[in-house]
Every structure is written in C-alpha cells, then in structure tokens.
Amino acid sequence: MSDSNFAIEVEQLSKLYSLGSTNATMRESIAALFSKNSKKEESFWALKDVSFGVKTGESIGIIGKNGAGKSTLLKILSRITLPTEGRVTINGTVASLLEVGTGFHPELTGRENIYLNGSILGMARKEIQAKFDEIVAFSGIERFLDTPVKRYSSGMYVRLAFAVAAHLEPEILIVDEVLSVGDAEFQRKCLGKMGDVTSSGRTVLFVSHNMEAVRKMCSRTVWLEKGQIKMIGPSSEVIDAYLSELKENAETVRPGERSDREGSGVLRAQEIRFSNPEGTHLQSGKPMKVEIDYQGDTSEKLTCIATLGIHDENGRRVGTLSTKLTRSLIDLGNGDTLTWEIPRLSLTPGKYFINIFLAHRTEADVIDWLQQAAAFEVMSASFHTESDEVYYEKDIVFIDHSFRVS
Amino acid sequence: MPTKSHVITKDQSLFSFSELTTYKELFWMLAWRDFKVRYAQTFVGLLWAIIQPSFTILILYVVFGRFANVQTGAIPHIVYSTCGVMAWTYFAYVMTNAGSSIISAQAMVKKIYFPRIIIPLSKAVVGFIDMGITAVILIVLMIFFEVPVSGNIIYLPIFIIGSIVAALSVGVLLSALTIRYRDFQYVIPFAVQLGLYITPTAYPAEFAIQRLPEWATVLYFLNPMAGIVEGYRWAILGTELPHMMSLWSVASMLVILVAALLYFKRIDGKIADYV
C-alpha cells in the first residue's frame, strides 16, 4: 500500500513505445493480418523500471539528456498516456504548467477563453468566476478582454494563458520548462510561480535543462538516462555528477554519432569546429569562429532558426548566439556548414560547452537539438590589453569599459 | 481538478461513467465554444447554416419531386423531403464533427488529461442548431402548404433520442478509428454524401422494400438513419408507421453503439501516443 506521506509514488514504471507503427494505414494493418511472418515491430523502452517517491511538500528536479524519458514520465504523471508496466500513486490534485494556453480558441475573446481554458484545466465555473478579476489583473489585458485572442500579440496571449494556469491551485504542480515556449519573462514567471507553490507547502516536480534553477529550487533530483534512473539524491550531488558526465561526453563523442538528441533529424549536426582566425588557440579579446557541418536526408534547403547556447563548467548559461535575436531566418541544407562569428570574444579563460539548436521556421518545430554538443577552451586573455593576461578569476565575461576622474 | 487521489497503471480505464459526470461542465463548455465559433461571431456562419439546408431541399425537390416524380401521398413532396432533411442534417453534422473531433483537438489531447470521449460527445449539442434551422423551414412550408401537424408528435422525442444515439455511435467510432487509421478521415465526407441518397430523405423507404430484393432491403435498413427518418415523418407529418424492417436499423444502431464504446475504450489510453 502507498504511504500517505508521499504525494507521488512511482513504482517500477515502464513505458514501451513502438516505432513507426503509430500511424499505420489500413493497408498496412490488413497486410499484417495476412502475412504469416509478420515483421516484429521495432520498439524501445522510453522508461524502464523507474521507482521513486516524492514527499508531500517536497520539490524534486528531473534532469537528463534529451530522449532520457523525462517527457514520457511527465506524460504518465499527468495521465496523458498510460504506462506499459508499473504504477503511480498520486495523492492530491495535479496541474502542470505545460498546459498553458491549451484549448485557447483564436476566435473567442479573452473573457471567453478564460472560462474555456479554465474548465479544460479542470476548474469549476464558480471557481473561475471567483478568481476572474484576479486572473485578469494578473494578465494585465483588461482593455482587451472582449477582443478575440487572434488579435493579441504573442506576449499578451502567453500572459493571459499563464494567468489562468497560475490560478489553478493544485497540490502537486508539474513544471516542464523544456516544453514551455515563451520568452525569458515568461520563464521567470514560471519559476516565480513555482517558488510560491513550494513555499506554500505544496509539491513540485520540475523538469529542466537549467541546472542553476534546479539546484536552487529542488532539494532532491532524479537523473534519468535512457529511461532509467541513473542517480537520485540531493540536488547538488546529482547535478555535479551529471555535469561532469556531460563534459566527458562533449569531449569524446563526435556530434554526428550522438543519439541523445531531439528533433525531426531531417538535418543533423555532424562536426563542430572552433577556431581563432587570428591565432592558433581561442583567446579572449580575439575573434572566434564556430563551424557546424550539417547533413541530412533533405534535398532542399530548409528555412531555419539556429541557436547556439554557451554554458560554463557549472552548467550556467553564459550567452546565446541566435538568428532569432536579429529576427532572421537562414536557409540550410544537406552538406552546408553553418558558421558563427564572434568578432571579439568576451569570455574569460576556461572551459565552455555549447548547446546547438536548429528548428524549422518556429522554435516548436525542432530539427536537431543537441545539448553539450561540444566543448571549447579559452586559453588566454588579451581582452583589455594586448599582452596582459590579468583578469578576475571569478569572472565569466569581460566587460568593455573606461574610467575617468572629474 | 476532479480527481483527488488516483492510481495510474496500464490496466486502468481512462474512461468511466462516474468520472464523466464530473466533467459535465467541460462538456457544456466545449459545446458552447463550438456554438460561439460557428454562429455567434460570424454572420456568414449563420447565413451558411440557412443556405445549406435550403439548397439541399430545393435540389431534392427538383430531382426527386419533379424529375423522378416521386409520389408522397397527400403530403407535398417538398414538405415530405424537408422533414427527412431535418433528421438527416442533424445526423450528418454530428457524425462529421464528432468523427474528426479528436484529430482536431490534438494539441489539447497531447497536453492535458480529461476523458477523451467528451470531445466527440460534445458535438451532439451544436447539431441541434442546424436541425432547428431546418425545423423552421419545415414549419414555414407546412403552414404554406397547409399540412397539419400529426398527433403522433408526442412520440417525436423518441426519434430525436434515436438520432442522437445513432449519430454519436457512428461519430465516436469514427473518431477512434480516425486516430488509429488516418484513412478514415476521407470516409466521413463520402459517407455523408452517399447517406443523403441511401437514406429515405426525399422518397419513402417503401420504395426500397418494393423495388429491391429482400437481402438488399435488409442492407438498406442497416443504415441506422433509415428507420429514424421514417419515424420523424410519422411523428410530424403522420405518414405511415415505419416498416417492420426498421427493426434492422435499431439493431444496427445498437451494434454500432457497442462497437464504438468498446473500440474507444480500447484505444483511449493510447490516444496521445497515436495523434
């Protein structure tokens, strides 16, 4: 029997997905009926024998590489899909912030969508009525309450959607930062909401690639790998172990051979090269070039958003290069090399990792997303003066500056 | 959030009747949304809902009433077929919309839990708007042609319930099949198109009984709407009581209902994996 101290108790949970057969056509199914030696369906365990418990009021982090089973676990916990084996006992009401905006209809007004979305999320009409003013105030869209949401800016849309979700009062909150689309502001709101929930003694399950956030928010962390728990324990221990493995991985495995990637795979990064066009090694204050070779099955060029995220050794995001920042798209095809150029590198000497992300037109349509795809080392500094290597050890970046007395 | 504590396992049924009742509000909300989107905000939507049955009625009158000179006894052909169209319109609307409903609600289905069957079921409500519009046309025609309302009208609710059950059975079955086999998307418009002719909307079902061999007549009546359409006319216009053959329609409807529930239940837990 389950212990009532647990908000969530996961026991030997497994989920088997079969590949390729999900969208079978009638013809294939009928053919399969008649063929004697029907091909065994290819399948894989997205989760295998996962067991852990989350105490009431505890915040637990779920980390792991892409494809490790994090999303599958969340889908099972939120009852979107059923497990193949094992069981989960849930004590309390559950809501997840991955539901933001679910069921919004563009033709309906903001007011109507609050009611519709609220009831889809499981709120009773009376409950929505009682919280209506609060939701509207939180969203800051008072003036547009009776405007169809199709006329909203994407920011307004997200704010309204989040406002509704934030007024659910679940005993167990599931946050999937990986899936939450939205700007930094929105991500911050999500984290803020989580903080509120935790401090009010409710349970939070937090899936994230942001190690700093997990470290801060969660007392314990589960590290999933290939559908199994690789490590579970106090967050700092688990995160440190995870990061050191990622480093090893980034240094030893060629990007093209990595399987822990997400996206359609129409194009895949094969090779990543770092160089300093003016010298032999990477140097602060000098230019830096990152070249990524892409290969894939497509014969045409795809219109893409490309992003490159830089992390330091502690998993903290240091900066981002992205076509999105300049609101532009690039055309990329099989055999092309994507080159990023940094005219003057402002990172201090040390080791860094990059995540590379490629999506088709919108960020939701991921083509290839590889975390800790490669590592590079900034060897020496010549940022402020040509010959001097003086810098503060704790700094991550150099900031151009001057000073005067007056 | 209706469920307080629960256990998730592979055997767990994602669909229980007691749970459905706790999602009552969502059912009405989805129906209200469909109504709003379809009629309330667009004038064209409402206009279209009037134009569509009007033209169907007109064409059926020209083809069956004039060209083929179908005899419908004391009742003018146009009134006779309008009554048939009224019953058929509801069925066609609900079957079409329920059939494609889960595929259209993919985004929702992938992100949040609620009993999936609510999505096709909620389509049963808005179908009554279309039916109501045709009913107004029927009333106008009955007044114009001075056709009295039959005393059988008190039995009309039975046939209305019959069409709800028939439409939802077919709709739920199609919604589940469409998830598993995308090909069924193409079956739906085809079925609606054919159905208008193989259902006795614009001619008496008696034609089928007289002019088809017996086995074909049985096939004809396996269409659940065959008996129901005849029933509507009996209740409203006082035409002849539906033929005994209509029992085949009832039987077929019950078989489809059971098949729909069983099949839906079977794939219910896997919907998010398929869409």
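Please refer to the structure placed before this passage.
Now for a description of the structure that goes with this document. (Residues numbered from 1 in each chain as written. Chains lettered and ligands numbered in written order. Predicted model: local features only at pLDDT ≥ 70, side-chain atom pairs only at ≥ 80, totals over all residues. Heavy atoms only, no water.)

1. As for the sheet that holds strand E7 (residues 203-207) of chain A
Residue and element names in this part refer to chain A.
1) Next: In spatial order, the strands read E5-E6-E7-E3-E8-E9; together these 6 strands make up an open sheet with mixed pairing. Either end of the sheet is taken by a strand with one partner, and the two such strands are strand E5 (94-96) and strand E9 (228-234). For this sheet, the mean inter-axis angle between neighbouring strands, taken without regard to orientation, is 20°.
2) Next: Both strand E8 (residues 220-225) and E9 contribute to a ladder of 6 bridges, which runs antiparallel. Paired with Thr221 across the bridge in E9 is Gly233.
3) Next: With respect to the sheet, helix H8 (residues 235-252) is in contact with strand E3 (59-63), E8 and E9, its orientation differing from that of E9 by roughly 135°. (Pairing = 2+ DSSP bridges. Helix = DSSP H or I, 4+ residues; strand = E, 2+ residues; numbered from the N terminus. Axes fitted to C-alpha atoms, helices over the stretch in contact; angles between N-to-C directions. Contact = heavy atoms within 4.5 Å.)

2. Remarks on the nonpolar core
1) Next: With 129 residues, the main nonpolar core has Ile114 of chain A together with Val79, Tyr232 and Ile236 of chain B as its most contacted residues.
2) Next: Examining the composition of this core, we find that 14 residues originate from one element, helix H4 (residues 77-99) of chain B, more than from any other.
3) Next: Non-local contacts of Ile114 of chain A, meaning those with residues more than four positions away in its chain, are made with Ile128, Phe132, Ile135, Val136, Leu145, Leu160 and Val164 of chain A.
4) Next: The next biggest cluster of nonpolar side chains, apart from the first, holds 30 residues, and it includes Leu345, Leu347, Ile367 and Leu370 of chain A. (Core = buried A, V, L, I, M, F, W, Y, C linked by side-chain atoms within 4.5 Å. Buried < 20%, exposed > 50% of the residue type's maximum accessible area, 1.4 Å probe, protein only.)

3. What about the pairing of E3 of chain A?
Residues and elements named next belong to chain A.
1) Next: Counting buried positions along E3 gives 5 out of 5 residues, so the element sits mostly inside the fold.
2) Next: Here E3 shows a buried face lined by Ser59, Gly61 and Ile63 and a second buried face lined by Ile60 and Ile62.
3) Next: Of the strand pairs in this sheet, E3 and E8 are connected by 4 bridges, and their pairing is parallel. Each residue of the ladder has a partner; that of Ile62, found in E8, is Val222.

4. Describing the packing of aromatic side chains
1) Next: This model, assessed by the stated rule, comprises 18 aromatic pairs over all chains.
2) Next: Taking the centre distance of 5.7 Å and the plane angle of 25° together, the rings of Phe64 of chain B and Tyr203 of chain B count as stacked. Taken together, the residues span a long stretch of sequence, with Phe64 of chain B in helix H3 (residues 43-67) and Tyr203 of chain B in the loop between helix H10 (184-198) and helix H11 (206-211) at a distance of 139 residues. Considered together, Phe64 of chain B and Tyr203 of chain B belong to a single accessibility category, that of buried residues.
3) Next: Here the aromatic residues Phe274, Tyr352 and Phe376 of chain A are joined through ring pairs into a cluster of three or more.
4) Next: Against the face of Trp45 of chain A rests Lys48 of chain A, its NZ or CZ located 3.9 Å from the ring centre. (Phe/Tyr/Trp six-rings, centres within 6.5 Å; stacked < 30°, edge-to-face > 60°. Lys NZ or Arg CZ within 6 Å of the ring centre and 35° of its normal.)

Keep in mind these numbers describe shape, not what the thing actually does.
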